[in-house]
Amino acid sequence: MNLWEQLRDWLLLIALLLASVVVMATQNEPLVRAVRAETMEWTARIESGFAWMGRYVRAVEENDALRQRNIELSSEVARSRAVRTQNEELRRLLSLRDSTRASMVPARIVTKDITRQRNWITLDVGRADSVTAGMPVIHEAGIVGKIVLVSEHYARVMPFLNTDFRVPATILPIGAEGIVRWEGDRLDRLRLQHVVKTEPVERGQEVVTSSHSDIFPPGQRIGTIDSVTVRPGRNEFSISLRPAVELYRVNHAFVIRAIPTLEKDSLEAASIP
């Protein structure tokens, strides 16, 4: 069979198909109607399948949009909570300032490094604000630390979460005294030392700065006794405190303009052999 005969056969087939389509479209016989109905049913099923796919795609897109909106709303809620917490902290600090006659400088914590044993905090106040080394830093909840370095507009603070920090303390209401320090392990525990085991020390008692402190005014909160044990072979307790200030959450503080007693410090330093 040559090429012309193949082409003729194809043209004849196409013509017959077109004729059959025309007959089915123009005739209204029962068989034609049945074929047409079946064709429409299958077409409807196919369209329904594609419609389901379209709804699925739209549902996925809407789900992604809702998820993104949920993330945005969660971020807004988190920011709102942070702002509310900060406002509450500032209100408490203002109440502290109004309740004392001490000259205090409000400060914002701009740097906080409490990831090591010798931790540090930087405040946004300095010599321009009449701040000098040796001044105490407090929060409405309790003590924060003491200033050790000062520049014109910034001050570096040794917080109580520093293994070099020491502060004389008094246990209320019994009046027993000791020294509070941080052992460099847990951020939520301090150690109260040199309290003899004859004192009626109990869990839950409050510990404040004593009148023997040359940095902090007496009565500033340090923490609450969390546990009391007797050290084997020793005449003193092993006392654990929960700090009054959660240092990792604090963003603002006050510097008390308490000028160190240089004359007293010089005299005591000279008396040391």
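Refer to the structure printed above.
What you are looking at is a predicted structure, and each value in this text was computed from that prediction instead of being measured.

Enquirer: Teacher, can you tell me more about the side chain of Q220 here?
Expert: Structurally, the position occupied by Q220 is in the loop between β9 (206-209) and β10 (221-230). Every residue in contact with Q220, bar those within four places of it in the chain, is listed here: I138, I143, V207, V208 and T209.

Enquirer: Sorry, what's going on with the sheet that holds strand β3 (residues 136-139) here?
Expert: Within a beta sheet, neighbouring strands are joined by backbone hydrogen bonds and run either parallel or antiparallel to one another. Strand order around the closed barrel formed by 6 strands is β1-β2-β5-β4-β3-β12, with antiparallel pairing between neighbours. Looking at each pair of strands side by side, their axes are set apart by 40° on average, direction ignored. Looking at chain direction, β3 and strand β4 (residues 142-150) are connected through 4 bridges and run antiparallel. Paired with H139 across the bridge in β4 is G142.

Enquirer: Just to check I follow, could you spell out the sheet that holds strand β6 (residues 166-172) for this structure?
Expert: Read around the barrel, 6 strands follow the order β6-β7-β8-β11-β10-β9 and close on themselves; strand pairing throughout is antiparallel. Between one strand and the next, the sheet's axes are offset by a mean angle of 40°, whatever the strand orientation. Relative to β10, β9 runs antiparallel, the two sharing 3 bridges. Bridge assignment links E206 to a residue of β10, and that residue is T224.

Enquirer: I would appreciate a short explanation of the side chain of T163 in the present structure.
Expert: Structurally, T163 can be placed in the loop between β5 (155-159) and β6. Of the residues examined, T163 reaches a relative accessible area of 16% and is grouped as buried. When neighbours within four sequence positions are excluded, T163 is seen to be in contact with Q117, R118, R181, W182, E183 and G184.

Analysis parameters
Residues numbered from 1 in each chain as written. Predicted model: local features only at pLDDT ≥ 70, side-chain atom pairs only at ≥ 80, totals over all residues. Heavy atoms only, no water. Helix = DSSP H or I, 4+ residues; strand = E, 2+ residues; numbered from the N terminus. Contact = heavy atoms within 4.5 Å. Pairing = 2+ DSSP bridges. Axes fitted to C-alpha atoms, helices over the stretch in contact; angles between N-to-C directions. Buried < 20%, exposed > 50% of the residue type's maximum accessible area, 1.4 Å probe, protein only.

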